[in-house]
Amino acid sequence: MIKRFLPKSLFGRTLMIIVTPLVLLQVVSATIFFESHWDKVSLRLARGLAGDIATVISLMRKNPGQENRIWIFGLAAENMQIEASFKTDAVLPNEPPVGTSIMERMLIRAMREYVGKPFQIDTQTLDRHVAVDVQLPTGALEIITTRKRLFSSTIYVFVLWMVGISLILFAVATIFMRNQIKPIRRLAQAADALGKGRDIPSFKPEGAKEVRQAASAFLAMQERIQRQIAQRTDMLSGVSHDLRTPLTRMKLELAMLRDTEPEAAAELEKDVDDMERMLETYLAFARGEGSEKPRPTNLSALLLDVVDKARRNGGTIDFHSEGEISVPLRPNAFKRCATNVLENAIRYADHISVRAGRRSDAIEVTIDDDGPGIPVDKRDDVFKPFYRLEASRNPGTGGTGLGLAISRDVMRVHGGDILLDDSPGGGLRVRLRVPL
Ligand SMILES: Nc1ncnc2c1ncn2[C@@H]1O[C@H](COP(=O)(O)OP(=O)(O)OP(=O)(O)O)[C@@H](O)[C@H]1O
Ligand SMILES: [Mg+2]
């Protein structure tokens with residue numbers, strides 16, 4: 001449940017790991033500050049004011065009379081920041097003062113402690129000033145003082161500091177994390193590109209030690225894979241090439257044999273032709289895959305080309321492409337793959353439909369036919385080199401059994417795959433997937 005709300009990216013997670021304790025710490029320290037310090041400071045300030053008011057009142061009691069009041073109030077204004085005035089015979093409303101804010105509550109408490117006479121407070125009416133009225137026997141004493149005397153602004157400074165420091169820490173963390181994540185992201189992109197058989201543009205190990213290690217391991221692996229592929233294609237083309245020479249010799253010998261034993265020669269000649277075709281296919285495959293680099297390709301145009309060629313060879317083919325599709329491909333290899341699949345369809349079916357479209361994460365080419373299809377339990381086998389169902393079905397139709405093996409190789413080199421399915425028309429559906 002919680003997982004859904006957690007950030008998905010490493011960047012987000014790391015930031016969260018840094019920021020969460022930070023915010024927690026701040027909230028805790030702010031709470032502690034409010035609980036103790038803020039209360040204490042407020043009470044002390046309120047007591048200071050209440051003490052001053054008590055001093056004024058006792059001075060007035062000891063020095064009664066209007067003349068005395070003038071110098072007492074002058075003293076208060078000069079030394080206590082208190083504006084005092086006296087309203088003779090005035091009576092305050094007889095109700096207890098109410099305080100909601102900390103400042104008011106503390107002032108009420110301090111007034112009760114130090115003055116001990118009925119009083120009213122007003123912290124709202126005056127702008128930036130506080131009024132306190134005290135009931136004396138002969139009238140009401142009104143005291144006005146600045147809010148500052150009761151109010152500690154340190155809390156704001158404190159909060160401001162906390163927020164400011166958090167923001168600075170957050171910004172610094174963001175900048176540093178970005179740089180730490182970059183090499184990881186680059187490594188992920190490189191691995192993705194390798195998996196899809198695409199070019200990896202200059203990739204160097206960098207970043208933190210562990211990331212560099214992973215990158216170096218990746219580069220070593222990439223080299224090993226490329227060496228293996230190169231070795232395999234080299235061997236393939238080497239073997240094919242070497243076999244061609246004895247094959248040519250055999251053909252010449254067969255030509256001579258034709259005069260003496262025409263029937264046996266015809267049989268043998270057919271076998272030799274098959275072998276030659278096989279070798280040509282291998283060679284073409286080995287040559288193509290070894291050197292071809294992926295490049296942005298207009299898949300729709302490429303498929304149309306393949307389909308046109310197949311039509312000329314006598315297939316009834318529907319072709320539809322969802323808009324223009326451009327993907328990085330090895331065009332010749334991909335053409336060979338599509339051609340192989342289409343050749344099969346033409347060979348085994350009458351009506352064929354080819355569709356190309358974009359999926360969320362891949363490009364898919366679907367080739368449907370209305371032929372006999374391939375039984376589910378044979379769908380793995382037909383990808384094996386030289387495996388042919390025709391051996392049991394209809395020995396007459398030619399073919400070496402390499403077509404699908406090569407097609408699958410091509411698709412896998414692109415990081416994609418070739419999948420067999422039932423077509424709605426009753427025949428075989430072949431899906432060529434290229435990841436985006
Ligand atoms: N569209 C299809 N309908 C029915 N069977 C198919 C179809 N495509 C392939 N097959 C079966 O799968 C087997 C393997 O196909 P693959 O293309 O690998 O070899 P091939 O077509 O016999 O020979 P090649 O392509 O080398 O000339 C075929 O022999 C055939 O039996
Ligand atoms: Mg084939």
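The text that follows walks through the structure, step by step, so that each part is easy to find.

### Section: the packing of helix α2 (residues 10-62) against helix α5 (residues 154-195)
Then comes step 1: Packing of α2 against α5 leaves a shortest axis separation of 9 Å and a crossing angle of 170 degrees. One element, α2, and the other, α5, form an angle in the roughly antiparallel class. With respect to the hand of their crossing, α2 and α5 are arranged in right-handed fashion.

### Details of the packing of aromatic side chains
One pair of aromatic rings is described through two measures. These are the centre distance and the angle between the planes.
Then comes step 1: Overall, the coordinates contain one aromatic pair when judged by the stated rule.
Then comes step 2: The interplanar angle of 90 degrees and the centroid separation of 5.7 Å between the aromatic rings of Phe203 and Phe218 together place this pair among those described as edge-to-face. Linking Phe203 in the loop between α5 and α6 (209-260) with Phe218 in helix α6, this pair joins segments that are 15 residues apart in sequence. As far as the burial class goes, Phe203 and Phe218 line up, both buried.

### Here we look at the packing of helix α9 (residues 331-348) against helix α11 (residues 403-413)
Then comes step 1: Orientation of α9 relative to α11, taken along the N-to-C sense of each, is 145 degrees, at an axis distance of 9 Å. Relative to α11, the crossing made by α9 is left-handed. Here Ala333, Phe334, Cys337, Asn340, Val341 and Asn344 of α9 come into contact with α11, specifically with Gly403, Leu404, Ile406, Ser407, Val410 and Met411.
Then comes step 2: Considering only residue class, the contact of α9 with α11 consists of eight nonpolar, four polar and no charged.

### Thoughts on the pattern of salt bridges
Then comes step 1: Tallied over the entire structure, the rule returns 20 salt bridges.
Then comes step 2: The partner of Glu364 in a salt bridge is Arg431, and the shortest N-O contact between them spans 3.0 Å. Taken together, the residues span a long stretch of sequence, with Glu364 in strand β9 (residues 362-369) and Arg431 in strand β11 (residues 428-435) at a distance of 67 residues. There is no split in this pair, since Glu364 and Arg431 are both buried.
Then comes step 3: Looking at Glu364, the relative accessible area reads 6%, which means it is buried.
Then comes step 4: Connected via shared salt-bridge partners are Asp361, Glu364, Asp421, Arg431 and Arg433.

What counts as what
- Residues numbered from 1 in each chain as written.
- Chains lettered and ligands numbered in written order.
- Predicted model: local features only at pLDDT ≥ 70, side-chain atom pairs only at ≥ 80, totals over all residues.
- Heavy atoms only, no water.
- Axes fitted to C-alpha atoms, helices over the stretch in contact; angles between N-to-C directions.
- Helix = DSSP H or I, 4+ residues; strand = E, 2+ residues; numbered from the N terminus.
- Parallel < 35°, antiparallel > 145°, perpendicular 65-115°, else oblique.
- Left-handed = near helix turned anticlockwise from the far one by under 90°.
- Phe/Tyr/Trp six-rings, centres within 6.5 Å; stacked < 30°, edge-to-face > 60°.
- Buried < 20%, exposed > 50% of the residue type's maximum accessible area, 1.4 Å probe, protein only.
- Contact = heavy atoms within 4.5 Å.
- Nonpolar A, V, L, I, M, F, W, Y, C, P; charged D, E, K, R; others polar.
- Salt bridge = Lys/Arg side-chain N within 4 Å of Asp/Glu carboxyl O.

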